[in-house]
Amino acid sequence: MAKTQDLTAMFKDMMGAFPVDTASMEDAFKSATTLNEKLSGVALTAAEKSTEVSNKWTKETLAKLADMSKAKAEPADYAKAMTDFASSTAEVAAENMAAFAEIAKKVQMETVELMMAAGKDMSEEAQTAIKKASTDAQAAVKKATAK
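**Q** Looking at this model, I keep getting lost on a nonpolar patch on the surface. Mind explaining?
**A** Nonpolar side chains collect at one region of the surface, where Leu 7, Met 10, Phe 11, Met 14 and Met 15 lie side by side and expose about 510 Å² of accessible area between them. One can find Phe 11 in helix H1 (residues 7-17). Here Phe 11 falls in the partly exposed class, since its relative accessible area comes to 47%.

**Q** I'm lost on the side chain of Ser 88 in this one. Help?
**A** In this fold, Ser 88 is placed in helix H3 (residues 75-146). Among the polar contacts listed, one links the side chain of Ser 88 to the backbone oxygen of Phe 85, at a separation of 3.1 Å.

**Q** Would you explain the confidence of the model for the protein in this entry?
**A** Should pLDDT be low for a region, the predicted coordinates there are not to be read in detail. Averaged over every residue, the pLDDT of the protein is 86; the share at 70 or more is 92%. Averaged pLDDT values over the elements of the protein bottom out at 73 in H1 and peak at 91 in helix H2 (residues 22-68).

**Q** Looking at this structure, how should I read the packing of aromatic side chains?
**A** How two aromatic rings sit relative to each other is given by the distance of their centres and the angle of their planes. Within this structure, the stated rule accounts for one aromatic pair. Summarising the aromatic geometry, the rings of Trp 57 and Phe 100 are spaced 6.3 Å apart at their centres and angled 45° between planes, so their arrangement reads as tilted. Of this pair, Trp 57 sits in helix H2 while Phe 100 sits in helix H3, and the two are 43 residues apart along the sequence.

Parameters at a glance
- Residues numbered from 1 in each chain as written.
- Predicted model: local features only at pLDDT ≥ 70, side-chain atom pairs only at ≥ 80, totals over all residues.
- Heavy atoms only, no water.
- Patch = residues over 30% accessible without salt bridge, like charges linked within 9 Å, V, L, I, M, F, W, Y side chains within 5 Å.
- Areas by Shrake-Rupley, 256 points an atom, 1.4 Å probe, with all protein chains shown as cover.
- Salt bridge = Lys/Arg side-chain N within 4 Å of Asp/Glu carboxyl O.
- Helix = DSSP H or I, 4+ residues; strand = E, 2+ residues; numbered from the N terminus.
- Buried < 20%, exposed > 50% of the residue type's maximum accessible area, 1.4 Å probe, protein only.
- Polar contact = N/O pair within 3.5 Å; in protein donor to acceptor, adjacent residues only side chain to side chain.
- pLDDT = per-residue confidence, 0-100.
- Phe/Tyr/Trp six-rings, centres within 6.5 Å; stacked < 30°, edge-to-face > 60°.

Here it is in structure tokens:
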């Protein structure tokens, strides 16, 4: 009778002939987590600065509203108070929108810098991993054919 081949042993031998380098996987994971940490830092800093701008803007608006809501002696003073409030609000809005634009610009620049650096690092790591994998595969093929 014919004996059934042991496929488990065959696959084990085959996988042993082509070693897998987990160090390159670990390096890629570390690089990815480092990049994520840096990107998170950029986002959190931007959120903090945006919150500061929003808080300042709100405080200024409320202070101007308090001035506007005070009782006036003449009816014309109410119109003047409304005009003053509207013009100062428009001015503050322009300043704060410029502050938000600066924050966004900084985030964009930092993100581009991080992505460029990460791309360079990943390219170098990939080249190293490919060279090592090629060398290991050639050695495994030589070893397998020598048997």
